[in-house]
Amino acid sequence: MLYRNALLKISGEILSGDNSKTFDVDIINQLTHDIKAVLEKKIKLSIVIGGGNIIRGINYSEYNLNKNDADNMGMLSTVINGIYLKNALKNVNVKSKIFSAISIPGIVDKFNHESAINEINTGSTLILVGGTGNPYFTTDTTSVLRALELGCDVILKGTKVDGVYDKDPEYNDCL
């Protein structure tokens, strides 16, 4: 069975590759070409992007941050990644539209499922940022929520970890 409406969850960490830079241009180029290949199969694609390349698993109390503010920083990092991905997709002639769970007028549009469905039906690839707009939720949660709202057939998870965990596997022994 070939899926017609897919949601791809990309972790922010994927964007940095194996180096310590925020973005690995080779990874982004490969990702955009892979996305274009999927679209050429006439599959509608929505992408939820994380922010782990910018802020991930910080001990917020160590930085004198409260948990809400640390999570807000994480949501903003997904917006930065979404803007970068939009530009990278534009460079390979892929039309995309960014929607955010958090309102940032003049930079990205606020998510509205009717507007998002209209965009995807007119050929745009959706880039979904800002998480759920609420602290304490991961972009994995966002992926399921948006997939349901957009009527997706499948959720694909592109991350550096090999499953879904209840703790950060980069910082906790989850085996």
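Residues numbered from 1 in each chain as written. Predicted model: local features only at pLDDT ≥ 70, side-chain atom pairs only at ≥ 80, totals over all residues. Heavy atoms only, no water.

Caption draft 1: Representation of the overall build of the protein chain. From N to C terminus, the protein chain includes five helices and six strands. For the protein chain, the N- to C-terminal ordering of α and β elements is β-α-α-β-α-β-β-α-β-α-β. Burial analysis of the protein chain (175 residues in total) assigns 41% to the buried set. Here the contacts in the protein chain between residues at least 6 apart in sequence split such that 73% fall between residues at least 24 apart. Of the roughly 9,800 Å² that the protein chain leaves accessible, carbon and sulfur atoms contribute 51%. (Helix = DSSP H or I, 4+ residues; strand = E, 2+ residues; numbered from the N terminus. Buried < 20%, exposed > 50% of the residue type's maximum accessible area, 1.4 Å probe, protein only. Contact = heavy atoms within 4.5 Å. Areas by Shrake-Rupley, 256 points an atom, 1.4 Å probe, with all protein chains shown as cover.)

Caption draft 2: Focus on the layout of surface pockets. In this model, the second largest pocket occupies a volume close to 190 Å³. Forming the boundary of the second largest pocket are 14 residues, of which Leu39, Ile43, Gly123, Ser124 and Thr125 lie nearest the centre. (1 Å grid on protein atoms, 1.4 Å probe; cavity = no way out; pocket = protein on both sides within 12 Å on 5 of 7 lines; lining within 4 Å. Points joined across faces, edges and corners; volume = space filled by probe spheres on them.)

Caption draft 3: Spotlight on the environment of isoleucine 47. Mapped onto the elements, isoleucine 47 comes out in strand S2 (residues 44-49). Spatially, the C-alpha atoms of isoleucine 47 and glycine 82 are 9.1 Å apart, while their sequence positions differ by 35 residues.

Caption draft 4: Structural view of a nonpolar patch on the surface. Together, Val144, Leu148 and Ile155 line one region of the surface with nonpolar side chains, adding up to about 290 Å² of accessible area. Along the chain, the position of isoleucine 155 falls in strand S6 (residues 154-158). (Patch = residues over 30% accessible without salt bridge, like charges linked within 9 Å, V, L, I, M, F, W, Y side chains within 5 Å. Salt bridge = Lys/Arg side-chain N within 4 Å of Asp/Glu carboxyl O.)

Caption draft 5: View of the nonpolar core. Ile35, Ile47, Leu85 and Ile127 are the most contacted members of the largest nonpolar core, which totals 25 residues. Of all the secondary-structure elements, those providing two or more residues to this core are strand S1 (5-10), helix H2 (25-39), S2, helix H3 (67-90) and strand S5 (125-129). Setting aside chain neighbours within four positions, we find isoleucine 47 in contact with Leu8, Ile10, Ile35, Leu85, Thr125, Leu126, Ile127 and Leu128. (Core = buried A, V, L, I, M, F, W, Y, C linked by side-chain atoms within 4.5 Å.)

Caption draft 6: Examining the packing of H2 against H3 more closely. Relative orientation of the contacting elements H2 and H3 amounts to 65 degrees, with a least axis distance of 9 Å. In the packing of H2 onto H3, the handedness of the crossing is right-handed. Across the interface between the two elements, Val25, Ile28, Leu31, Thr32 and Ile35 of H2 pack against Tyr84, Leu85, Ala88 and Leu89 of H3. Looking at side-chain class alone, the contact of H2 with H3 contains eight nonpolar, one polar and no charged residues. (Axes fitted to C-alpha atoms, helices over the stretch in contact; angles between N-to-C directions. Left-handed = near helix turned anticlockwise from the far one by under 90°. Nonpolar A, V, L, I, M, F, W, Y, C, P; charged D, E, K, R; others polar.)

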